[in-house]
Amino acid sequence: MAFDRGLEERLYEHFSDRPDLTVRKMFGGLCFMLSGHMCCAIIGERLMARVGAINYIDALAKPYVTEMDFTGKPVKGLVYILPNGFESDSDLAYWVDVCIHFVDSLPPKLPKKRKAPLK
């Protein structure tokens, strides 16, 4: 699993005041989650941003942004941002703030039910 370690450090800095942050290996990269909700991820050198359906069209209109098509089919509400789109700290902060604003608007995650063991 290869991903941009410099971007990882920058994201950790951005989320430093969030006690609800968890980080998981997903999508062949690193996924930053808030209160159990996927917020953004590093996939190779790209930033995957969960902007939500309400921000999706506006996000795609910005430079260096493409559809998130991990499975070969675009996923509404998720976009890829190419490295030039988050080169500056202010650009990265913009994208992460869009993701945080969307994720913070979601209802709390319910605890997962445990499956009964097979007999």
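For the structure itself, look to the data block above.
What comes next is a walk through the structure.

Quick word on the nonpolar core
Okay, so step 1: Leu-11, Phe-15, Phe-32, Leu-47, Val-79 and Ile-81 are the most contacted members of the largest nonpolar core, which has 28 residues in total.
Okay, so step 2: Listing elements by their share of this core, those giving two or more residues are α1 (5–14), β2 (29–34), β3 (37–43), β4 (46–50), α2 (53–60), β6 (78–81) and α3 (89–104).
Okay, so step 3: With eight residues, α3 is the largest single contributor of residues to this core.
Okay, so step 4: Once you skip the residues sitting within four places of it in the chain, Leu-11 turns out to touch Phe-32, Cys-40, Ile-42, Leu-47, Leu-92 and Val-96.
Okay, so step 5: In terms of nonpolar packing, the next biggest core, distinct from the first, is built from nine residues, Met-38, Ile-43, Met-68 and Tyr-80 among them.

Some remarks on the sheet that holds β2
Pairing between sheet strands relies on hydrogen bonds along the backbone, with the strands arranged either parallel or antiparallel.
Okay, so step 1: Judged by pairing direction, the sheet is antiparallel, and its six strands sit side by side in the order β1-β2-β3-β4-β6-β5 without closing on themselves. In this open sheet, the two edge strands, each paired with only one partner strand, are β1 (21–26) and β5 (65–67). Adjacent strand axes in the sheet meet at a mean angle of 25°, parallel and antiparallel pairs treated alike.
Okay, so step 2: Note that β3 and β4 share four bridges and pair antiparallel. Bridge assignment links Ile-42 to a residue of β4, and that residue is Leu-47.

Side note on the side chain of Glu-8
Okay, so step 1: Locating Glu-8 in the fold gives a position in helix α1.
Okay, so step 2: For Glu-8, a relative accessible area of 14% gives the class buried.
Okay, so step 3: Within the local environment of Glu-8, its side chain forms a polar contact with the side chain of Arg-5, the two groups lying 3.1 Å apart.
Okay, so step 4: Glu-8 has contacts with Phe-3, Leu-30, Phe-32 and Ile-42, leaving out every residue within four places of it along the chain.

Notes on the pairing of β2
Okay, so step 1: Extensive coverage of β2 is indicated by the burial of six of its six residues.
Okay, so step 2: Sheet topology note: the β1/β2 ladder contains six bridges and is antiparallel. Bridge assignment links Val-23 to a residue of β2, and that residue is Phe-32.
Okay, so step 3: Taking the residues between adjacent antiparallel strands as the criterion, β1 and β2 are bridged by two residues, where Phe-27 takes a positive phi near 55°.
Okay, so step 4: By the bridge criterion, five bridges tie β2 to β3 in an arrangement that is antiparallel. When the sheet's bridge partners are listed, Phe-32 is paired in β3 with Cys-40.
Okay, so step 5: If you look at the hairpin formed by β2 and β3, you'll find two residues sitting between the two strands, and Ser-35 has a positive phi there, around 50°.

Rules used in this analysis
Position numbers for residues count from 1 along each chain, tracking the sequence in the order it is written. Per-residue local features are limited, in this predicted model, to residues with pLDDT of at least 70; the limit for side-chain atom pairs, both in listing and counting, is 80 or more; totals at the level of whole chains, interfaces and linings are taken over all residues. In computing side-chain values, all of the structure's heavy atoms are included and hydrogens and water are not. The set of buried Ala, Val, Leu, Ile, Met, Phe, Trp, Tyr and Cys residues whose side-chain atoms join them within 4.5 Å is what this entry labels a nonpolar core. Note on exposure labels: buried denotes an accessible area under 20% of the residue type's maximum, exposed denotes more than 50%, and partly exposed covers the range between, all computed with a 1.4 Å probe on protein chains only. For helices the rule is a DSSP run of H or I covering at least 4 residues; for strands it is a run of E covering at least 2, with both sets numbered from the N terminus onward. Contact between two residues is taken to exist if any of their heavy atoms lie within 4.5 Å; hydrogens are not considered. Pairing between strands is defined by DSSP: at least two bridges between the two strands are required. Lines fitted to C-alpha atoms define the axes, with helix axes restricted to the stretch in contact, and inter-axis angles between N-to-C directions lie between 0 and 180 degrees. Within 3.5 Å is the distance limit for a polar contact, defined as a pair of N or O atoms, with the added protein rule that one can donate a hydrogen and the other accept it, and that residues adjacent in sequence qualify only through two side-chain atoms.

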